[in-house]
Protein chains: 2
Amino acid sequence: MTTNGAIFEVKMAQASVLKKVIDAIKDLLGDSSWDCTNSGMSLQAMDSAHVALVNVLLRSEGFENYRCNRNVTLGISLGSLTKVLKCAGNDDELTIRHDDKTNVVTFGFTNDESERYAEFDLKLMNLDSESLAIPEIEYDCVVKMPSTEFRRVVQDLAQFGDSIDIVCAKTNVLFEATGDIGKGQIRLSERSSKKSDQDVTIEMIEPVRLTFALKYLNMFTKATPISDVVQLALSNNHPLCLEYPIPEVGRVRFYLAPKINEEN
Amino acid sequence: MTTNGAIFEVKMAQASVLKKVIDAIKDLLGDSSWDCTNSGMSLQAMDSAHVALVNVLLRSEGFENYRCNRNVTLGISLGSLTKVLKCAGNDDELTIRHDDKTNVVTFGFTNDESERYAEFDLKLMNLDSESLAIPEIEYDCVVKMPSTEFRRVVQDLAQFGDSIDIVCAKTNVLFEATGDIGKGQIRLSERSSKKSDQDVTIEMIEPVRLTFALKYLNMFTKATPISDVVQLALSNNHPLCLEYPIPEVGRVRFYLAPKINEEN
DNA sequence: GGCATTGGCA
DNA sequence: TGCCAATGCC
């Protein structure tokens, strides 16, 4: 448990935050390559089928303590990390530590009263880091809505087909799926209330109409527990960017290229 | 979403009512043929094994709005309808619409604040409509009891055998099942209290003793959520008529022919 | 806040 | 297929 020589040592107040993040991405990615710098930890990778892209950012300010003496990349199996995180109590504090003289990363869990300390060393993996620069474009439509409601839309329409059409206009967004048994349409209109996490807001520059594979959107909604709200950023002929803010800490983003509609 | 040309358009205040009805019958029937007239929607069909008969009536007065310009029969897959109804919120209003220039029926769900509108088109099926006239006979015994209590009787006795004997006398009714492990008997007597939905009442003209397959009764009790009370109408050598009233709206009836007891 | 039901996981 | 967790309803 010595910390001497550790070039990376951070403490997260709630292990459950990382738990939710890993739950959200482990079905898409087998392994993870975390870039650790002074400003935070981030991950970016294509899913195993090279269709979707996952981007996670955990800002250093979101941690209780954050120290990173030298930039380092930690290659971690998400399967192993999931096992480790299962050993954390929900309110446990989480310490992540790495000493570059070793090839392990250490996860430590402490509960509030520090009566229990659990520590797990995971072997690091050497992963090909595909550095994928994603241009931050201005999207034609940006929709914010409750994350559970988005999951609901995706799950409901998955009953009707493999693809979902998203048609966004100034004040409402239409989700549509067609299949053998019939057609399903769900229309949401802008709304606001006292509980702002229940709002639906739309910022539109240009209307969009895009088609996506429901299978992937469904996997993305595994991130629902991370945040009450989700943001869909859409542009014609561009990948969707689905963002779940990690409160106080950062975000998880999923990118998915639209299907090219045969009838277009 | 135009309603022009719709020859059938009705609005039900609670989608959950139809949900419960469909849940109650979908295990017995694969498809459903709904006769829609000015006075309501009704369905009548044998189960796939041609042993039991299901009859549903939804009276027009039970709807918020009801318009049926011309009698029409809607052939609907209950599997598909179940999928559609999964997409309804519990308190959603339900609109059912059909235009006879199309071969679809449209189910629309609106929540209270109408910020979300979901609409599903189901393809209609061409079903052989077996019109089965059921004579309304006067039954020898009519038993009313709490629906949950009837379900309990059926489930409890199903532990002991495949068949249930129902023996009804003037003031009490006996349910009995015999099997390898032994015999189970449950006797209910007439009773009444302030909460009349907890009453057991018996109207007897003639005592009856009948045997039924528990497997079917068990399936019928899927209708328990529809109503607090259930009515058993029994006559010697006649099918049982099990009726779950749909409050304010109509009823679901199940008919089941008695087993002929070998020892009789 | 507790209970029941449902969906996910083993 | 059975158990457990999470969610939605009362």
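Residues numbered from 1 in each chain as written. Chains lettered and ligands numbered in written order. Predicted model: local features only at pLDDT ≥ 70, side-chain atom pairs only at ≥ 80, totals over all residues. Heavy atoms only, no water.

For clarity, the cut-off: UniProt positions are given in the numbering used here, feature names are shortened, and annotations may be inferred rather than shown by experiment.
If you check an unreviewed UniProt entry, chain A appears there as DNA sliding clamp PCNA from Hypsibius exemplaris. In UniProt, chain A has this text filed under Subcellular location (unreviewed entry): "Nucleus". You can read under Subunit (unreviewed entry) in the UniProt record for chain A the words "Homotrimer. Forms a complex with activator 1 heteropentamer in the presence of ATP."

**As for helix α2 (residues 78-86) of chain B**
Residue pairs spaced three or four apart in an α-helix point in one direction, given the helix's 3.6 residues per turn. Using the following cut-off: Only protein chains enter the area calculation, which uses a 1.4 Å probe; residues under 20% of their type maximum are buried, those over 50% are exposed, and those in between are partly exposed. The helix count covers DSSP runs of H or I at least four residues long, the strand count covers runs of E at least two residues long, and both are numbered beginning at the N terminus. Should any heavy atoms of two residues lie within 4.5 Å, those residues are considered in contact.
Taken as a whole, α2(B) has its buried residues at B:L78, B:S80, B:L81, B:T82, B:V84 and B:L85. Buried residues along α2(B) sit in contact with α1 (15-25), β2 (31-37), β6 (72-77), β8 (104-110) and β9 (116-123) of chain B.

**Re the UniProt feature "domain: Proliferating cell nuclear antigen PCNA C-terminal" (unreviewed entry) in chain A**
According to UniProt, the feature "domain: Proliferating cell nuclear antigen PCNA C-terminal" (unreviewed entry) maps to residues 134-259 of chain A in the numbering used here. End-to-end, the C-alpha atoms of residues 134-259 of chain A are 19 Å apart, and along that stretch the chain is 15% helix and 46% strand.

**Some details on the sheet that holds β6(B)**
Backbone-to-backbone hydrogen bonds join strands into a sheet, with any given pair of strands oriented parallel or antiparallel. All names here are of chain B. To keep things clear, this is the line we draw: Two strands pair if DSSP finds at least two bridges between them. Whenever a helix is involved, its axis is fitted only over the stretch in contact; in every case the axis is a line through C-alpha atoms, and angles between N-to-C directions fall within 0 to 180 degrees.
Read across the open sheet, the nine strands follow the order β6-β2-β3-β4-β18-β17-β16-β10-β14; overall the sheet is antiparallel. What marks the edges here is a single partner per strand, and that holds for β6 and β14 (201-204). Averaged over all adjacent pairs, the angle separating strand axes in this sheet is 15 degrees, with direction ignored. Here strand β3 (residues 40-46) pairs with strand β4 (residues 52-59) via seven bridges, running antiparallel. Looking across to β4, one finds that L43 is bridged to V56. The sheet strands contacting α2 are β2 and β6, and the helix crosses β6 at an angle near 80 degrees. Contacting β10 (141-146), β16 (229-234) and β17 (240-246), helix α3 (residues 147-157) runs over the sheet at an angle of about 100 degrees to β10.

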